[in-house]
Amino acid sequence: MLTLQLVSFLFSKFKEGPTKKLKVDSFLHTMCLHDDQLSAISARFQAEMKKGLSAESNAAAAVKMLPTHVRSTPDGSERGQFLVLDLGGSKFKVLRVKVRDGTGIRRGGVEMEERSYQIPQELLVGRGAELLDHVSESLKDFLHEKNISLEKRHPLAFTFSFPCEQSALDQGSLLSWSKNFRARGLQGKDVVQALRDAIGRTGGMNTEVLAVVNDTVATMMTCGFEDKYCEVGLIIGTGTNACYMEELRHIDLVEGDEGRMCVNTEWGAFGDDGALSDYITEFDRELDAASNNPGKQIFEKMVSGMYLGELVRLVVLKMATLGLLFAGHVSNALRTKGKVTTAHVAAMEEYKNGLENTRRILTGLDLTPSLDDCIAVQHVSTIVSFRSSNLAAAGLAAILTRIKQNRKWRTFRITVGVDGTLYKTHPQYPKRLHKVVRRLLPECQVRFVLSDSGSSKGAALVTAVAQRLASQKRKVDETLSLFRLSSEQLQLVKARMRAGLEAGLRGEGSSEIKMLPSFVSRLPDGKEHGKYLALDLGGTNFKVMLVNFKKGVQQSSQVYHKIYTIPLELMQGAGEELFDHCAQCVSDFLDYMGIKNTRLPAGFTFSFPCEQTAIDTGTLVSWTKGFKATDCEGHDVVDMLRDAIKRRNEFELDIAVIANDTVATMMSCAYEEPQCEIGLIAGNGTNVCYMEELKNIKTTEQKKRQMDNGSDGENKEGEARIQTMCVNTEWGGLGDHGSLDDLITPYDGEVDLNSLNPGKQRFEKLTGGMYLGEVVRQTLLDLTSRGLLFRGHVSDALKTTGIFQTKYLSQIESDRMALLQVRSILQGLKLDSTCDDSIIVKEVCGAVSRRAAQLCGAGMAAVVEKIRENRGLDHLSITVGVDGKLYKLHPHFSEVLQETARVLAPQCQVTFVQSEEGRGKGAALITALIRPKGEM
């Protein structure tokens, strides 16, 4: 049964309480922030972040956005034993932290032993050296107490909860003190070096300070050890601050653009430049004026636990002075600064006992509050603390929005690690903060995790991560060094290529490089005319073209084409079926163009090594690039195509020419550039051809008589040029007899072993686009199995042959490709990567593709040097016609190839020209030289 006293209490609470609350709401209306205002504040904070990250505006920025040189959050594999010094309040702690590894993201655990030491007040405001001497002596005392060896080296992490400008992980210049610290002589100095000096003065300890860490960063790292999504740290305690993982390319104050780095926002200074002037109340101004640092840390004074109690006191004092509380009575205690604490604020807002706590606190201030006074003061406390959580939510929403924009996410999941007494002890604060953040950023699935011993544990983890990354980088570099070629090695490749060219020209059967005569001894002069068909077989597609060289218009042509897919079952099935398919494609094209009844001369580009005895014959030496069609090797492929056309019995075709794709590329570019006497293919496969002196080619007299490509003997120029012939080097075979064994890595060995032609085309398997992706995959597989990548998880995807296509190298190595996009590519391949993983994958791709380009450059240097010496020239100017997706699409391949050739052949000026419609058009040009009348 309700007592009369309790009924009276409830009646007054519900009747008069709301009236008092309305008066408080009116009195503090500027502290009551709605969502539009919070969004505006968030936008201003985003602008301040951008300003702080820029080298041009950082000096004037209130929010300093300090790089911490912490480049990675924990992945769970960290381990080791560390000492930690945690300095940031009236006490400081010394700890021994043991980090144990295990399996999975929640690997192992962390064990800590700690002891707190008082800091005498006189040291807070005395000389900085004396403060750090006290810290050092306490460290030595801790070592003695825990029986920790003084002789053994101990890695040490320093949690220093004050704004520092860091130039490295173990260097930090103090910008300013806060939280009642004012020790002289340290501001602007490296606090790590000052600590080292103090440890040296104390003597008898063998420590190495590896990291200085802000408490906010340490909080993020602690929570990141348990939750891989944690990339934000938040402190809401005596002070307030936030940090997050920013894209390195946006941090102007740090060199490099790969990866991420934790940025300590030092957001407590937000508003120091007036950005919050329209939200600052008279109470904020009064509190700021009476502080140790007027005009500084404005945001912190509106948010943090050091000031909330004082703000409540100032509001209650003003209301009492105006007669709105306590019947106008103002006690001396209420007038005294610091009499209302943040702990009082938290107590007043307790759900069940809040009103009773409020009455007790006010009575302790020598006041005699009525029930509605208690309700009003409780409401004041609620508004002040609510504003704090709202402002913190606005700042946090700005950080989350920036992360979202950086990574181009529409929705995302992220974890915020939180520490601080206000957040931990205030009964309503966490719920309010979470609710407002989610309301301001509904597309963000944000989780808040309370830090466990955040500062100390996190500092140890920063050091452990730094050690892990250093060890990982060393091991990755050792692996990638296998792909790095020295100048001496490149000279050797050039020499071996040259020796292979010479051996092939002499017709030595043991030569790795076949040097196949092409029976093309003339280059186009731009006057060719007529219509010609061109057929192109060299990869997964078969291309049919009609090329019309315009009569009377020099170097002008019109091209029509269709592309047909070659199914894998035909590439590796019966040869007769492969050529039947090609004949069917030709038939379709002739129907498409309406020329099926016209017998056109045709050139056949066939991108596989063939031994020719004439311009229109080609015996397949061996399949490459994934082809394995039966009953083709050792057979004339022109005859096989002619037979397939006869079997269809639908059209006639005059196949006048068979040309390698490299030869066709050279001819196509020579049509535009007369100095073009070399052809290069750098695509799925790789090859080179060039114009060799006829006297250097071991050949029969019968072959010599055919060198004029059907010339009638009246063309004097043709007779003059009969002294050279284009030779298809088939340089992809270099290394087949072991000449490259000293350069071949275990990863190349795996690729070769699993290929269709083990032991063959070794140079091509080091340089061709068909293989580079697989070399990368084998390397990634090894790094992962050694725990250096993808958290050591060897996924089924990574075990899948061919999953890492060479096109991914071009995409990943693009200068415009952010690591987020690299990570997206990897995730598309079902490779769950971190930012650090993405960096390593990019390094692997770069090492493999650079080696390929350098090897091609060394080979090209051998070719151009041979041509120069053939002609007895001191200096050679020559053009190379190039085709192939690797050369054309990879962002760095062409540049590295050209630079390597320039360095290794300094007496040759080599110009590279990309071929357009090269292979088909080139075959048509050769046909135009053989059948000069064509179809008019």
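Residues numbered from 1 in each chain as written. Predicted model: local features only at pLDDT ≥ 70, side-chain atom pairs only at ≥ 80, totals over all residues. Heavy atoms only, no water.

1. Some points on the overall build of the protein
Looking only at helices and strands, the protein features 33 helices and 26 strands. The C-alpha radius of gyration computed for the protein amounts to 39 Å, which surpasses the reference 30 Å derived for 936 residues by more than 25%, pointing to a less compact arrangement than a globule. Viewed in the frame of its principal axes, the protein has a C-alpha envelope of about 125 × 65 × 50 Å. Considering only intrachain contacts with a sequence separation of at least 6, the fraction spanning at least 24 residues in the protein is 73%. Element-wise, carbon and sulfur atoms account for 48% of the exposed surface of the protein, whose accessible area totals about 38,000 Å². Placing the 115 positive and 117 negative side-chain charges of the protein at their respective mean positions leaves the two points 5 Å apart. (Helix = DSSP H or I, 4+ residues; strand = E, 2+ residues; numbered from the N terminus. Rg over C-alpha atoms; globule rule 2.2 N^0.38 Å. Contact = heavy atoms within 4.5 Å. Areas by Shrake-Rupley, 256 points an atom, 1.4 Å probe, with all protein chains shown as cover. Lys, Arg positive; Asp, Glu negative; His and termini not counted. Charge placed at Lys NZ, Arg CZ, Asp CG, Glu CD.)

2. Considering the side chain of serine 838
Counting through the fold element by element, serine 838 comes out in helix α30 (residues 835-870). Of the residues examined, serine 838 reaches a relative accessible area of 0% and is grouped as buried. Among all residues touching serine 838, those that are not within four sequence positions of it are Leu819, Val822, Arg823, Leu826 and Ser833. (Buried < 20%, exposed > 50% of the residue type's maximum accessible area, 1.4 Å probe, protein only.)

3. Structural notes on the packing of aromatic side chains
Counted according to the given criterion, the structure contains 26 aromatic pairs. Summarising the aromatic geometry, the rings of phenylalanine 162 and tryptophan 177 are spaced 4.9 Å apart at their centres and angled 80 degrees between planes, so their arrangement reads as edge-to-face. In this pair, phenylalanine 162 is assigned in the loop between β5 (154-160) and β6 (164-168) and tryptophan 177 in the loop between β7 (171-174) and α6 (191-202), connecting sequence segments 15 residues apart. Like tryptophan 177, phenylalanine 162 is buried. Arranged with centres 5.3 Å apart and planes meeting at 70 degrees, the rings of tryptophan 267 and phenylalanine 299 form a pair that is edge-to-face. (Phe/Tyr/Trp six-rings, centres within 6.5 Å; stacked < 30°, edge-to-face > 60°.)

4. So, the confidence of the model for the protein
Any segment with low pLDDT has predicted coordinates that should not be analysed in fine detail. For the protein, the mean per-residue pLDDT works out to 88, and 93% of the residues sit at or above 70. Per-element averaging of pLDDT across the protein places helix α1 (residues 4-15) at the bottom with 40 and helix α32 (residues 893-904) at the top with 97. Between residues 1-16, whose pLDDT stays under 50, and residues either more than four places distant or in other chains, the model counts 11 contacts. Note on residues 103-107: pLDDT is under 50 here. Beyond four places in sequence and across chains, it has 15 contacts. (pLDDT = per-residue confidence, 0-100.)

5. A short note on unusual backbone geometry
Here the phi dihedral of lysine 408 falls at roughly 55 degrees; this positive angle occurs in a residue that is not glycine. Looking at the secondary structure, you find lysine 408 in the loop between α14 (371-406) and β12 (412-419). Overall, the relative accessible area of 66% leaves lysine 408 in the exposed class. Phi is positive for asparagine 649, which is not a glycine, with a value near 55 degrees. Here asparagine 649 shows up in the loop between α21 (637-648) and β21 (654-659). With a relative accessible area of 68%, asparagine 649 lands in the exposed category.

6. Describing the packing of helix α3 (residues 35-53) against α14
Remark: α3 packs on α14, axes separated minimally by 8 Å, with the N-to-C direction vectors making an angle of 55 degrees. Overall, the two elements α3 and α14 adopt an arrangement that is oblique. By crossing handedness, the relation of α3 to α14 is classed as right-handed. Together, Leu38, Ile41, Ser42, Phe45, Gln46, Met49 and Leu53 of α3 and Asn390, Leu391, Ala394, Gly395, Ala397, Ala398, Ile399, Thr401, Arg402 and Gln405 of α14 make up the contact between the two elements. Partitioning the contact of α3 with α14 into residue classes produces 10 nonpolar, 6 polar and 1 charged. (Axes fitted to C-alpha atoms, helices over the stretch in contact; angles between N-to-C directions. Parallel < 35°, antiparallel > 145°, perpendicular 65-115°, else oblique. Left-handed = near helix turned anticlockwise from the far one by under 90°. Nonpolar A, V, L, I, M, F, W, Y, C, P; charged D, E, K, R; others polar.)

7. Topic: the sheet that holds strand β2 (residues 80-87)
The strand order across the open sheet built from 5 strands is β4-β3-β2-β5-β8, with neighbouring strands paired in mixed fashion. The sheet terminates laterally at β4 (109-118) and β8 (207-213), the two strands that pair on one side only. Across this sheet, the average inter-strand angle for adjacent strands is 25 degrees, counted without regard to direction. Each of β2, β5 and β8 touches α6; the most contacted strand, β8, lies at about 150 degrees to it. Where helix α7 (residues 215-226) meets the sheet, it contacts β3 (91-100), β4, β5 and β8, and its direction lies at approximately 95 degrees from that of β8. (Pairing = 2+ DSSP bridges.)

8. A word on the pattern of salt bridges
Note on pairing: side chains with opposite charge can pair once their charged atoms come close. Under the criterion given, the structure shown has 53 salt bridges. Between arginine 260 and glutamate 231 there is a salt bridge, with the nearest N and O atoms lying 3.8 Å from each other. Taken together, the residues arginine 260 in strand β11 (residues 260-264) and glutamate 231 in strand β9 (residues 230-236) connect sequence positions 29 residues apart. The salt bridge involving glutamate 443 is made with lysine 404; its shortest N-O contact spans 2.6 Å. Taken together, the residues glutamate 443 in the loop between α16 (429-440) and β13 (444-450) and lysine 404 in helix α14 connect sequence positions 39 residues apart. (Salt bridge = Lys/Arg side-chain N within 4 Å of Asp/Glu carboxyl O.)

9. Focus on the sheet that holds strand β15 (residues 530-537)
Across the sheet, 5 strands lie side by side as β17-β16-β15-β18-β21; this open sheet has mixed pairing. Taken across any chain shown, the strands that pair with only one partner, and hence form the sheet edges, are β17 (557-565) and β21. Averaged over all pairs of adjacent strands, the angle between their axes in this sheet comes to 20 degrees, without regard to strand direction. In this sheet, strand β16 (residues 541-549) lies alongside β15 in antiparallel orientation, the contact comprising 8 bridges. Of the residues in β16, the one forming a bridge with lysine 531 is asparagine 548. Contacts from helix α20 (residues 575-593) reach β15, β16, β17 and β18 (601-606) within the one sheet, and its direction differs from that of β17 by about 135 degrees. Sheet contacts for α21: β15, β18 and β21; angle to β21, the most-contacted strand, approximately 150 degrees.

10. A closer look at the packing of helix α5 (residues 128-145) against α6
Taken N-terminus to C-terminus, the directions of α5 and α6 make an angle of 60 degrees; their axes are 8 Å apart at the nearest point. When the axes of α5 and α6 are compared, the pair comes out oblique. For the element pair α5 and α6, the recorded crossing hand is right-handed. For the pair α5 and α6, contact is made by Ala129, Leu132, Asp133, Val135, Ser136, Glu137, Leu139 and Lys140 and by Val191, Ala194, Leu195, Ala198, Ile199, Arg201 and Thr202, respectively. Tallied by class, residues from the contact of α5 with α6 come to 9 nonpolar, 2 polar and 4 charged.

11. Re the pairing of strand β10 (residues 240-247)
Most of β10 sits inside the fold, with 8 of its 8 residues counted as buried. Residues Thr240, Ala242, Tyr244 and Glu246 of β10 are buried on one face, and the alternating residues Asn241, Cys243, Met245 and Glu247, pointing to the opposite face, are buried as well. Where β9 and β10 come together, 5 bridges link them in antiparallel fashion. Bridge assignment links valine 232 to a residue of β10, and that residue is tyrosine 244. Between β9 and β10, which pair antiparallel in sequence order, lie 3 residues. Both β10 and β11 contribute to a ladder of 5 bridges, which runs antiparallel. Note that in β11 the partner of glutamate 247 across the bridge is arginine 260.

12. Comments concerning α20
For an α-helix, 3.6 residues make a turn, and residues three or four places apart therefore share a direction. Taking 1.5 Å as the rise per residue, α20 with 19 residues should run 27 Å; its terminal C-alpha atoms sit 27 Å apart, in good agreement. Check the buried side of α20 and you find it contacts β15, β16, β17, α19 (568-571), β18 and α21. Glycine 594 lies just past α20 and shows a positive phi near 70 degrees. (Expected span 1.5 Å × (residues − 1).)

13. Observations concerning the side chain of serine 138
Mapped onto the fold, serine 138 is located in helix α5. Contacts of serine 138, omitting those with residues within four sequence positions, involve Phe92, Val94 and Tyr117.

14. Remarks on a negative patch on the surface
Taken together, the side chains of Glu576, Glu577, Asp631 and Asp643 make up a negatively charged region of the molecular surface. Assignment of secondary structure puts glutamate 577 in helix α20. A residue is classified by how much of its surface remains accessible, and glutamate 577, at 46% relative accessible area, is partly exposed. (Patch = residues over 30% accessible without salt bridge, like charges linked within 9 Å, V, L, I, M, F, W, Y side chains within 5 Å.)

15. Things to note about the pairing of β5
In terms of burial, β5 is largely enclosed, as 7 of its 7 residues are buried. Burial along β5 is two-sided: His154, Leu156, Phe158 and Phe160 facing one way and Pro155, Ala157 and Thr159 facing the other are all buried. Bridge analysis of β2 against β5 gives 5 bridges, and the strand direction is parallel. For valine 84, the partnering residue across the bridge sits in β5 and is alanine 157. Strand direction decides the pairing type here: β5 and β8, joined by 6 bridges, are parallel. Considered in β8, the bridge of phenylalanine 158 is made with valine 212.

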